[in-house]
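One letter stands for each residue in the lines below.
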Amino acid sequence: MLATILLFAVARERAGVASLTVELPENPTVSDLKAAIARISPALAPILPMIRIAVNSEYAQDDHQVIPEGAELAAIPPVSGGGLPIEDPS
Amino acid sequence: MIEIRLEPIDHAAITDQVRSNQAGAVCSFLGTVREMTGDRQTLALDYEAYPVMARKTLEDLEIQARKRWPILGLAMVHRVGHLELGEISVVVAVSCPHRREAFEACQWLVDSLKEVVPIWKKEVWADGTEEWVQPGRPASPDVQSERPRLE
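### As for the sheet that holds strand β5 (residues 73-79) of chain B
All names here are of chain B. Taken together, the four strands give an open sheet; going across it, the order is β1-β5-β7-β2, and neighbouring strands pair in mixed fashion. Each edge of the open sheet is held by one strand with a lone partner, namely β1 (2-5) and β2 (25-32). Strand-to-strand twist across the sheet, computed as the mean angle between neighbouring axes with direction ignored, equals 10 degrees. The sheet contact formed by β2 and strand β7 (residues 88-96) spans eight bridges and is antiparallel.

Written out as C-alpha cells, the structure is:
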C-alpha cells in the first residue's frame, strides 16, 4: 500500500519536504515504514533511530506494531524538553 | 482549556479562567524565552507543532492529571511560531483545594508536556546559526543548519 508520512522539525528540514509518500508491504510494521523512509530519503537515515513514529496521533509502542491502512502517520523527532515515555500515574 | 496558538498568550486571563470558589490554591507556570544558555546567546526561538497530535496529547495529560489530583480548573496553552526574548511560550495553570496538590499537578503537567507533546523549538543563536533543540544533545553539529537553507 502507499502511505504518506508527515515530517516535522529537524526531519522536515533534512528531507526538504513536509511529507513523504512511501510504498509499504502488506500488513506493514513501523519497522517497514522506517526502512521505506530511509530508502526514499537518505538524508533522514542517520536520525531515524531517534525518531518516533506516531500512528493516528499516538506514539507507536515498538517497531513491530502493525500500521492500519489509511492511518495518519508522522515522524516525531525528540521534542524540546524530553523524549522518554512518561509513566502513567493512574 | 487547551490551546495551541500563534498569537501572544495572556497569562493573567488564563490564570483567572481556572479560579473558582472551591479552590484554595492556583498555580500558574509560564515558560519564557531565555537569552543565555551557558555562554551561548539566543536571539529568538521558533516553535513548530504537530497540532492534531499536540492537542490530543495535552488532552491525555489533562485526563491523567485529573485522575491523580483533585483539580478544579486546568488550562494549558502553548504558543507556536516566532518568539522573541522574554515572550511566553507556554502557560500551565491549575487550581485545587490546597496548595500542595496544585504545585504537584502543575509541575507534573509541565514536565510531562515537555516530554511527550509534539512541539519543537529551534534556537536562533546570536552567531547566525540555527538549531533544533534536542534533549541530551544541546549543541550537535549534526542538526545544525544555516538560516537560508530553512523554509
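Right, picking up where we left off after that structure.
### Some thoughts on helix α3 (residues 99-116) of chain B
All names here are of chain B. Relative to the 26 Å expected for 18 residues at 1.5 Å per residue, α3 spans 26 Å between its end C-alpha atoms, a close match to the ideal helical length. Taken together, the buried positions of α3 are occupied by A102, A105, C106, L109, V110, S112, L113 and V116. Against the buried residues of α3 lie β2, α2 (51-68), β5 and β7.

### Things to note about the nonpolar core
Residue and element names in this part refer to chain B. Grouped together as the largest cluster of nonpolar side chains are 59 residues, with contacts concentrated most on V92, V94 and L109. Top contributing element to this core by residue count: α3, with seven residues. Beyond its immediate chain neighbours, meaning those up to four positions away, V92 contacts F29, M76, C106, L109, V110 and L113.

### Describing the confidence of the model for chain A
Across chain A, the average pLDDT comes to 88, with 88% of residues at 70 or higher. Segment residues 82-90 of chain A: pLDDT under 50, and 16 contacts once partners within four positions in sequence are set aside and those in other chains are kept.

### A word on α2(B)
All names here are of chain B. The first and last C-alpha atoms of α2 sit 26 Å apart over 18 residues, in line with the 26 Å expected at 1.5 Å per residue. Of all the positions in α2, only M53, A54, T57, L58, L61 and A65 are classed as buried. Projected onto a plane normal to the axis of α2, the buried residues spread over an arc of 135 degrees and lie on a single side. Within α2, the exposed residues directed more than 90 degrees away from the buried face are E59, I63 and K67.

### Observations concerning the packing of α2(B) against α3(B)
Helix packing geometry: the angle between the two helix axes and the distance between the axes. Residue and element names in this part refer to chain B. Their axes nearest at 10 Å, the elements α2 and α3 cross at an angle of 150 degrees. As the angle between them shows, α2 and α3 are arranged roughly antiparallel. Relative to α3, the crossing made by α2 is right-handed. Mapping the contact onto sequence places T57, L58, L61 and A65 in α2 and A105, W108, L109, S112, L113 and V116 in α3. Partitioned by chemical class, the residues of the contact of α2 with α3 number eight nonpolar, two polar and no charged.

### Here's the deal with the sheet that holds strand β4 (residues 58-59) of chain A
All names here are of chain A. Spatially, the five strands line up as an open sheet ordered β2-β1-β5-β3-β4, and their pairing is mixed. The open sheet has two free edges, formed respectively by β2 (19-23) and β4, since each of these has just one partner strand. Sheet contacts for helix α2 (residues 30-40): β1 (2-7), β2, β3 (52-55) and β5 (73-76); angle to β2, the most-contacted strand, approximately 110 degrees.

### Examining the pairing of β2(A)
All names here are of chain A. Here β2 shows a buried face lined by L20 and V22 and an unburied face lined by S19, T21 and E23. Bridge count for β1 against β2 is five bridges, and the pairing is antiparallel. Within the sheet, the bridge partner assigned to T4 lies in β2 and is T21.

Rules and cut-offs
What you see as residue numbers is a count from 1 along each chain, following the sequence as written. Going through the entries in the order they are written, you letter the chains from A and number the ligands from 1. Residue-level local features of this predicted model are given only where pLDDT is at least 70; pairs of side-chain atoms are given and counted only at 80 or more, and the full residue set underlies all totals for whole chains, interfaces and linings. A pair of strands is treated as paired once DSSP finds two or more bridges between them. Where helices and strands are cited, they refer to DSSP runs of H or I of at least four residues and of E of at least two residues respectively, numbered from the N terminus. Axis lines are fitted to C-alpha atoms, over the contacting stretch for helices. Their N-to-C directions set the angle, which ranges from 0 to 180 degrees. What a helix should span is 1.5 Å times the count of its residues minus one. Burial is judged by counting other C-beta atoms within 10 Å of a residue's own C-beta: 20 or more means buried, 12 or fewer means exposed, and anything between counts as partly exposed, with every C-beta placed from the backbone. We call two residues in contact if the C-beta atoms placed from their backbones are at most 7 Å apart. As used here, a nonpolar core is made of buried Ala, Val, Leu, Ile, Met, Phe, Trp, Tyr and Cys residues. They are joined through C-beta atoms within 7 Å. pLDDT is a residue-level measure of predictor confidence that goes from 0 to 100. Relevant arc is that of directions from the helix axis to the C-beta atoms, nothing else. Roughly parallel covers angles under 35 degrees, roughly antiparallel covers those over 145, roughly perpendicular covers 65 to 115, and oblique covers all other angles. What makes a crossing left-handed is the near helix being turned counterclockwise from the far one by less than a right angle; a clockwise turn instead makes it right-handed. Following the grouping adopted for this structure description, the nonpolar residues are Ala, Val, Leu, Ile, Met, Phe, Trp, Tyr, Cys and Pro, the charged ones are Asp, Glu, Lys and Arg, and the polar ones are all others, Gly among them.

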